[in-house]
Amino acid sequence: MSKNLTKRAEDYSKWYNELVVKADLAENSAVRGCMVIKPYGFAIWEKMQAELDRMFKETGHQNAYFPLFVPKSMFEAEEKNAEGFAKECAVVTHYRLKNDEDRPGKLKVDENAKLEEELIVRPTSEAIIWSTYKGWVQSYRDLPLLINQWANVVRWEMRTRLFLRTAEFLWQEGHTAHATKQEAIEESEKMMHVYADFAERFMAIPVIKGLKTETERFAGAEETYCIEALMQDGKALQAGTSHFLGQNFAKAFDVKFANAEGKQEYVWGTSWGVSTRLMGALVMTHSDDLGLVLPPNLAPVQVVIVPIFKTEEEFDKISTVVADLVGQFKKLNISVKFDNRTTHKPGFKFAEWELKGVPVRIAVGPKDLEQKTFEIARRDTLTKEVVAQDGIVSYIADLLETIQNDLFNKALDYRNTHITEVQDFEQFKDVLENKGGFISAHWDGTAETEEKIKELTKATIRCIPIDAVNEEGTCVLTGSKSVYRVLFAKAY
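Rules used in this analysis
Residues numbered from 1 in each chain as written. Predicted model: local features only at pLDDT ≥ 70, side-chain atom pairs only at ≥ 80, totals over all residues. Heavy atoms only, no water. Buried < 20%, exposed > 50% of the residue type's maximum accessible area, 1.4 Å probe, protein only. Helix = DSSP H or I, 4+ residues; strand = E, 2+ residues; numbered from the N terminus. Pairing = 2+ DSSP bridges. Axes fitted to C-alpha atoms, helices over the stretch in contact; angles between N-to-C directions. Contact = heavy atoms within 4.5 Å. Phe/Tyr/Trp six-rings, centres within 6.5 Å; stacked < 30°, edge-to-face > 60°. Salt bridge = Lys/Arg side-chain N within 4 Å of Asp/Glu carboxyl O. Core = buried A, V, L, I, M, F, W, Y, C linked by side-chain atoms within 4.5 Å. Left-handed = near helix turned anticlockwise from the far one by under 90°. Nonpolar A, V, L, I, M, F, W, Y, C, P; charged D, E, K, R; others polar.

## Some remarks on the pairing of strand S16 (residues 268-275)
Step number 1: S16 sits mainly inside the fold: eight of its eight residues count as buried.
Step number 2: Alternating residues of S16 divide into Trp268, Thr270, Trp272 and Val274 and Gly269, Ser271, Gly273 and Ser275, and every residue in both groups is buried.
Step number 3: In this structure, strand S10 (residues 168-178) lies alongside S16, joined through eight bridges in antiparallel fashion. Bridge pairing in S16 places His175 opposite Ser271.
Step number 4: For strand S13 (residues 236-246) and S16, the ladder comprises five bridges, and the chain directions are antiparallel.

This is the structure:
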């Protein structure tokens, strides 16, 4: 199976596209720009969703659901937000079809069914949610309002790529309202840390936490916090964002509350989200030329057991031993699959589960039963060892933890060796073209310089690291005064 997979060194982009399809994660749909997430891919997304949902609820948030459609006038209420998303909006103009008299059996838009006001298919839900909050918030006793929704959104894309950029995608979006500016800022920062914690502990992806520049900020936000990850090809990927909205949406939708003294004030807002783009990050961070490499914490199948037999009697004996083993794994909440298909040979199964990135494979044959051993194969290192049957379940439990940690450390080592400090623009261009990764460079703080560097190199400022220290220097492009370094990279 993996023999037909393009090698990363040959064409990283093609490798990624092929792997997503061959590993049964997703495929392009009959609707241009949209994807079908297949059961195996959706199982990974469900595990992500479950962990994130738990983390949101532990931080006091509740789930709700809001309409897919937003009236155009409502969408326009916060001007910067509307302007920022205008070119990506899908618009509903009519509310029904009718039979086409000129083409029997076909349909056409009923010209008499034009909507009085167009409806925007949500590219993000601030407008519909803040218009709703106006009725939910009356007093300081109603605050903070901590709401999340799991939903789909549409952002019209001409050039699409499975998981990374599609016209419709799945995500969660949190929207919160607070009595004070400080509370809202703390919420924005807290959710950035939640995302970073999830990325590192479950996805085994090290991230850099930082602030976006004004140019890269979410439309309608006063500050955007982000986590940035580095893929194996040296390109960055924005893995999550959290926005401090100030009072912009509260003022646009007249969301006020009576404080303890009875005085009317506008609330302070935040919004934050991650999407199925995380699936792309997971694939590109860990996988290799043989297929997916999944961190155990998110693998739909953590352990696969493959029987090796010639006779039905051998198969029955193996199945009896495996049944007990499966029961023990399940007691420890380790997801296990006994691949007892008789339609495929062991070699085929090995290749299939290798392609799908299952962290641990156990092979069981007649000799293993005699010797009371199992052959254990690690997907991440492709190493094999023979282990005694006694204590095998606790051994595998420890091994899964080791694999999770090893994947994170491997990605961390790669990331750390691909953060390069540069002093001038020639060095900047050389590192960008020949090494890749994050480039730590001084910037004069102007949007003009930021845009010029992007125009010349296609590199953007990924973030101003939150732990950036004051350091006198000169801008890598203009030579003007600079007080700290920012991180540049080419990005997805």
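Now that the structure has been shown, we can carry on.
## A word on the sheet that holds strand S19 (residues 360-364)
Step number 1: With respect to topology, five strands assemble into an open sheet ordered S18-S17-S19-S20-S21, the strand pairing being mixed. Each having just a single partner strand, strand S18 (336-338) and strand S21 (384-388) make up the two edges of the open sheet. Ignoring which end each strand starts from, the neighbouring axes of this sheet average 25° apart.

## Concerning the pairing of S19
Step number 1: Judged by how many residues are buried, S19 sits mostly within the fold: five of five residues are covered.
Step number 2: The two faces of S19 match: Val360, Ile362 and Val364 on one face and Arg361 and Ala363 on the other face are all buried.

## A short note on the sheet that holds strand S8 (residues 114-121)
Step number 1: The strand order S4-S8-S5 describes an open sheet built from three strands, whose pairing is antiparallel. Strands at the two margins of the open sheet, each flanked by one partner only, are strand S4 (69-71) and strand S5 (90-94). Along the sheet, successive strands turn relative to each other by an average axial angle of 35°, direction set aside.

## Considerations on the side chain of Asp288
Step number 1: On the secondary structure map, Asp288 appears in the loop between helix H8 (277-286) and strand S17 (303-307).
Step number 2: The residues touching Asp288, leaving out its near neighbours within four places in the chain, are Leu5, Arg8, Trp15, Val293 and Arg379.

## Looking at the packing of aromatic side chains
Step number 1: According to the stated counting rule, one finds 16 aromatic pairs in the structure shown.
Step number 2: With a centroid separation of 5.0 Å and an interplanar angle of 40°, the aromatic rings of Tyr12 and Trp15 are classed as tilted. Placement of the pair is Tyr12 and Trp15 together in helix H1 (residues 12-22), with a separation of three residues, close to one helical turn.
Step number 3: Exposure remark for Tyr12: the relative accessible area of 12% places this residue in the buried category.
Step number 4: With a centroid separation of 6.5 Å and 65° between ring planes, the pair formed by Tyr195 and Trp272 is classed as edge-to-face.

## Quick look at the pattern of salt bridges
Pairs can form between side chains of opposite charge once their charged atoms are near each other.
Step number 1: Taken as a whole, this structure holds 31 salt bridges when the rule is applied.
Step number 2: The salt bridge partner of Arg341 is Asp339, with a shortest N-O separation of 2.8 Å.
Step number 3: Taking relative accessible area as the criterion, Asp339 reaches 2% and is therefore assigned buried.
Step number 4: Through salt bridges with shared partners, a single network forms among Asp24, Glu27, Lys38 and Lys356.

## Structural notes on the nonpolar core
Step number 1: Leu25, Met48, Phe163 and Met203 are the most contacted members of the largest nonpolar core, which has 64 residues in total.
Step number 2: The biggest single contributor to this core is helix H6 (residues 181-201), with nine residues.
Step number 3: Once you skip the residues sitting within four places of it in the chain, Met203 turns out to touch Met48, Phe198, Leu278, Ala281, Leu282, His286, Pro295, Leu298 and Gln404.

## Regarding the packing of helix H2 (residues 39-58) against H6
Each packed pair of helices is defined by two parameters, the angle between the axes and the distance between the axes.
Step number 1: One way to put it is that H2 packs onto H6 with a least axis distance of 11 Å and a crossing angle of 145°. In the packing of H2 onto H6, the handedness of the crossing is right-handed. Residues Met48, Glu51, Leu52, Arg54, Met55 and Phe56 of H2 pack against Met191, Val194, Tyr195, Asp197, Phe198 and Arg201 of H6.
Step number 2: Among the residues forming the contact of H2 with H6, the class breakdown is eight nonpolar, no polar and four charged.

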